[in-house]
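Secondary and tertiary structure notes
Chain residues, written in single-letter form:
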Amino acid sequence: MKVFSITPDPKAAGLSEVLSGIDQNGRSISLPVVVEKPLTLFLNGQEIVTMMTIGDYPDYLALGYLLNQNMLRSDDEVTGIDFDDDLGVVVVRTERETDFEDKLKKKTQTSGCAQGTVFGDVMEKFEDIHLDPTASLKTSWIYSLARKINQQPSLYLETGAIHGCVLCEEDRPLIYMEDVGRHNAIDKIAGYMWRHGLSSTGKIFYTTGRLTSEMVIKTVQMEIPIVISRSGFTAWGVELARQANLTLIGRAKGKRFVCLSGSERLVFDIDPATVPEESPKHQRKAAQ
């Protein structure tokens, strides 16, 4: 695949709006603010969940959510995906009859922003997945990916208050998705991979969000052996990564990063002293 087959379009209609206010000096200001809206997902005739999302790629989001909830199987035949923007509804239809009434009764609110939700036993497939032990990560790729991704125009840079997730291969970013919740952004990538038959072999996952248990579980379920984040970790996220032998890289900014799991995959091929510090103009908008 080419570099950045899909990238955010921060100027796309409906993703942000300009609001006015005042700053710390009482001066009038105008700034772009990300828009979030509810999207209700149905699988066949059953309502599954209502998600808060920016509204782009509802088909990939729906598919990825169902896959990562173990409600859609890899061998399922999807016969249709219908999206109604006015109603805020997306319906996924499969040839296989589905009924998740019992699973929907077991609901867990996750630490994801924008109210992440998982249903049933979130670990039901986790222990059966074996990540590629031969996968490797050159440290030069970490720095290269961070630079390419952070310099790409995005809502992340334009407005803040949003997360980005990127599917990568070596030092090439491939699919860049954004949403108000990092769990939504990773689901969009999962849906894209499934819809286009894209293998997880040789892939790396990059995110701007925290490496929580939910993010680790979803990355493992997607069978991606390496994840890199600009942000930090939770203890349970690290524990699960170690259990699954997932390479977990966090706090990856400028010339710095921390690895708390799967360090045997790292290949130190560059001196960090030669890596420039990150430019302030490419940091999170809300942090400036």
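Summary of the structure given here. Please read all numbers here as calculations on a predicted model, not as lab measurements.

1. Let's talk about the packing of aromatic side chains
- What the rule picks out here adds up to four aromatic pairs.
- A ring pair is formed by Tyr57 and Tyr60, whose centres lie 5.8 Å apart and whose planes are at 25°; its orientation type is stacked.
- By relative accessible area, which is 11% here, Tyr60 ends up buried.
- Put simply, the rings of Tyr57, Tyr60 and Tyr192 pair up and form one aromatic cluster.

2. Brief notes about the environment of Asn184
- Looking at the secondary structure, you find Asn184 in helix H5 (residues 182-195).
- The class for Asn184 is buried, based on a relative accessible area of 2%.
- On a C-alpha basis, the gap between Asn184 and Gln243 in space is 24 Å, while along the polypeptide they are 59 residues apart.
- Filtering out sequence-adjacent residues up to four positions away, Asn184 remains in contact with Met51, Met52, Thr53, Leu61 and Asp179.

3. Observations concerning the pairing of strand E14 (residues 247-253)
- Most of E14 sits inside the fold, with five of its seven residues counted as buried.
- Direction of pairing for strand E13 (residues 226-229) relative to E14: parallel, over a ladder of three bridges. When the bridges of E14 are listed, Val227 appears paired with Leu248.
- Between E13 and its parallel partner E14, the chain crosses via helix H7 (residues 235-244), and the hand of that crossover is right-handed.

4. With respect to the sheet that holds strand E4 (residues 46-53)
- Pairing is mixed in the open sheet, where four strands are placed in the order E4-E3-E6-E5. Among the strands making up the open sheet, the edge pair consists of E4 and strand E5 (78-84). Across the sheet, the mean angle from the axis of one strand to that of its neighbour is 15°, orientation sign disregarded.
- Across four bridges, strand E3 (residues 37-43) lies against strand E6 (residues 89-94) in parallel orientation. By the bridge assignment for E6, Phe42 is matched with Val91.
- Running over the sheet, H5 touches E4 and E5 and is turned about 120° from E4.

5. Let's talk about the sheet that holds E13
- Reading across the sheet, the six strands line up as E11-E10-E12-E13-E14-E15 and stay open at both edges, with mixed pairing between neighbours. What marks the edges here is a single partner per strand, and that holds for strand E11 (172-179) and strand E15 (256-261). With strand direction ignored, the average angle separating the axes of adjacent strands in the sheet is 20°.
- Here H5 sits on the sheet and contacts strand E10 (163-169), E11 and strand E12 (203-207); the angle it forms with E11, its principal contact strand, is near 130°.
- Sheet strands in contact with helix H6 (residues 213-221) are E10, E12, E13 and E14, and its direction is about 160° off that of E12.

Thresholds applied
- Residue numbers here run from 1 along each chain, matching the order of that chain's written sequence.
- Local features in this predicted model are restricted to residues of pLDDT 70 or higher, and side-chain atom pairs are both shown and tallied only at a pLDDT of 80 or more, whereas totals for entire chains, interfaces and linings draw on every residue.
- As a rule here, side-chain values cover all heavy atoms of the structure and leave hydrogens and water aside.
- Two rings from Phe, Tyr or Trp (for Trp, the six-membered ring) form a pair when their centres are within 6.5 Å of each other. A pair whose planes differ by under 30 degrees is stacked, one over 60 is edge-to-face, and the rest are tilted.
- Each residue's exposure class comes from its accessible area (1.4 Å probe, protein chains only) as a fraction of the maximum for that residue type: buried when under 20%, exposed when over 50%, partly exposed otherwise.
- Secondary structure is summarised from DSSP: a helix means a run of H or I of at least four residues, a strand means a run of E of at least two, and numbering begins at the N terminus for each.
- For this analysis, residues touch if any pair of their heavy atoms sits within 4.5 Å.
- Two strands pair if DSSP finds at least two bridges between them.
- We call a crossover right-handed when, viewed with the strands running away from us, the connection from the first strand over the helix to the second turns clockwise.
- In this description, a line fitted to the C-alpha atoms serves as the axis of each element, helices being fitted only across the stretch in contact, and the angle between N-to-C directions of two axes falls anywhere from 0 to 180 degrees.

Scope: geometric values only; no functional claims are made or implied.
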